[in-house]
Amino acid sequence: ALATPAQGEIQEDLPFKSAYDLSGVRIVTVAADQFSFEETVELSGLWRDMGAQVLFAGPKKSLAGEKLAAPGQARGEAVRLDVDLLLDEIDARRCDLIYIAGGDGIGRFVQEHGAALRALLAGAHQGKACVAAICHASMALSLSPRIRGSRVTGNGDEELEALIQAGAVVVDEVFVRDGAFLTGQYPFLRTFALQVAETLQFPQGNGPLQAFLAGRTPLQKAMADLRSSQEISGQPVPREQVEAVLRSAFQTILLRPWGNYPPLFT
């Protein structure tokens with residue numbers, strides 16, 4: 001039995017609400033020891049709730065992982081996951097999505113099971129399945145020869161360096177889709193789940209989430225960029241960016257409701 005879901009970053013607040021229908025979609029979630037419960041079980045559960053068939057796979061039948069620590073607790077709760085398939089039992093050609101979940105054990109996983117992961121990625125490419133990874137798990141995509149020249153994102157200095165050495169173009173974005181590769185950053189788990197779902201249901205890119213993102217005001221985009229920042233760099237903010245935020249804020253919040261005031265900037 002799986003542990004009770006944690007109330008962690010999977011509950012991030014998103015203004016976008018839409019229901020996806022993934023009935024008929026076959027997903028295999030690949031995990032390793034020291035897996036992240038939120039990135040593995042909870043995130044996959046979102047796709048199951050959308051109707052997808054989700055199977056768990058790993059290098060052995062039972063894997064050890066950890067949930068996020070609850071408020072006031074120093075350490076998270078230890079959990080276990082019994083997988084449905086071993087790595088060499090996955091027929092990636094019959095899948096719509098191979099999702100590699102994150103966790104602290106990814107580096108060791110890639111090192112010890114690189115051959116099996118390469119074969120899995122090759123099968124996914126042969127069957128035209130999407131390959132997704134989040135956070136540190138993006139490192140596993142460095143094993144695919146098709147990663148060269150592809151835009152990807154993720155977390156972790158060593159993990160991203162492995163991608164760079166493999167020829168990938170690493171960018172600091174919450175979610176990136178480049179061909180069959182779908183990559184995301186922690187802690188934006190729900191955003192990642194929705195982006196992947198939209199890719200599966202609307203492969204041509206004409207889904208409701210893309211329409212929502214394209215319709216945001218400059219202020220909404222700027223605020224989303226702030227929420228997505230991985231760190232505070234200490235560098236000055238460009239004047240034009242500050243002006244765009246202020247202009248949009250005044251136009252959206254102050255000027256439009258009453259309507260008869262002159263523009264703030266000329």
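Scroll up a little and you will see the structure.
Residues numbered from 1 in each chain as written. Predicted model: local features only at pLDDT ≥ 70, side-chain atom pairs only at ≥ 80, totals over all residues. Heavy atoms only, no water.

**Re the overall build of the protein chain**
Okay, step 1: Looking only at helices and strands, the protein chain features eight helices and twelve strands.
Okay, step 2: For the protein chain, the residues scored as buried account for 45% of the 266 residues in total.
Okay, step 3: Partitioning the intrachain contacts of the protein chain with sequence separation of at least 6 by distance along the chain shows that 68% fall at a separation of at least 24.
Okay, step 4: By element, 51% of the accessible surface of the protein chain is carried by carbon and sulfur atoms, the whole surface being about 14200 Å². (Helix = DSSP H or I, 4+ residues; strand = E, 2+ residues; numbered from the N terminus. Buried < 20%, exposed > 50% of the residue type's maximum accessible area, 1.4 Å probe, protein only. Contact = heavy atoms within 4.5 Å. Areas by Shrake-Rupley, 256 points an atom, 1.4 Å probe, with all protein chains shown as cover.)

**Points about the packing of helix H1 (residues 37-49) against helix H5 (residues 189-201)**
The relative placement of two packed helices comes down to the angle between their axes together with the axis-to-axis distance.
Okay, step 1: In contact at an axis separation of 10 Å, H1 and H5 are set at 45° when each is read in the N-to-C sense. Compared by their axis directions, H1 and H5 come out oblique. Seen from above, H1 lies across H5 with right-handed handedness. In contact with Glu-38, Glu-39, Leu-43, Leu-46 and Trp-47 of H1, H5 contributes Leu-189, Arg-190, Phe-192, Ala-193, Val-196 and Ala-197.
Okay, step 2: Counted by class, the contact of H1 with H5 contains eight nonpolar, no polar and three charged residues. (Axes fitted to C-alpha atoms, helices over the stretch in contact; angles between N-to-C directions. Parallel < 35°, antiparallel > 145°, perpendicular 65-115°, else oblique. Left-handed = near helix turned anticlockwise from the far one by under 90°. Nonpolar A, V, L, I, M, F, W, Y, C, P; charged D, E, K, R; others polar.)

**Structural notes on unusual backbone geometry**
Okay, step 1: That bond from Tyr-186 to Pro-187 is cis: its omega, 10°, falls within 30 degrees of zero.
Okay, step 2: Looking at where Pro-187 falls in the secondary structure, it is placed in the loop between strand E12 (181-184) and H5.
Okay, step 3: Positive phi outside glycine occurs at Lys-128, with the angle close to 65°.
Okay, step 4: As for its position among the elements, Lys-128 is in the loop between helix H3 (114-126) and strand E8 (130-134).
Okay, step 5: Under the relative-accessibility criterion, Lys-128 is labelled exposed at 75%.

**Regarding the packing of aromatic side chains**
Okay, step 1: Summed over the entire model, instances satisfying the criterion amount to five aromatic pairs.
Okay, step 2: Between the aromatic rings of Tyr-99 and Phe-192, the centroid separation amounts to 5.8 Å while the plane-to-plane angle is 45°, which identifies the pairing as tilted. Of this pair, Tyr-99 sits in strand E7 (residues 97-100) while Phe-192 is found in helix H5, placing the two residues 93 residues apart along the sequence. Each member of the pair, Tyr-99 as well as Phe-192, carries the same accessibility label: buried.
Okay, step 3: Three or more aromatic residues link up through ring pairs in this structure, and these residues are Trp-47, Tyr-99, Phe-175 and Phe-192. (Phe/Tyr/Trp six-rings, centres within 6.5 Å; stacked < 30°, edge-to-face > 60°.)

**Brief notes about the environment of Thr-191**
Okay, step 1: Structurally, Thr-191 can be placed in helix H5.
Okay, step 2: Residues Thr-191 and Glu-12, 179 residues apart in the sequence, show an inter-C-alpha distance of 8.2 Å.
Okay, step 3: The residues contacting Thr-191, other than those within four sequence positions of it, are Glu-12, Leu-14 and Val-174.

**Overview of the sheet that holds strand E4 (residues 62-66)**
Okay, step 1: Taken in spatial order, the three strands make up an open sheet running E2-E4-E5, and their pairing is mixed. Strands with a single pairing partner mark the edges of an open sheet, and in this sheet they are strand E2 (35-36) and strand E5 (78-82).
Okay, step 2: Of the strand pairs in this sheet, E2 and E4 are connected by two bridges, and their pairing is parallel. The residue bridging Ser-36 from the neighbouring strand is Glu-66, located in E4. (Pairing = 2+ DSSP bridges.)

**Observations concerning the pairing of strand E3 (residues 53-58)**
Okay, step 1: Burial within E3 is extensive, with five of its six residues counted as buried.
Okay, step 2: Note that strand E1 (residues 26-30) and E3 share five bridges and pair parallel. Paired with Val-28 across the strands is Leu-55, a residue of E3.
Okay, step 3: Relative to strand E6 (residues 85-86), E3 is paired through two bridges, and the arrangement is parallel. Bridge assignment links Gly-58 to a residue of E6, and that residue is Leu-86.

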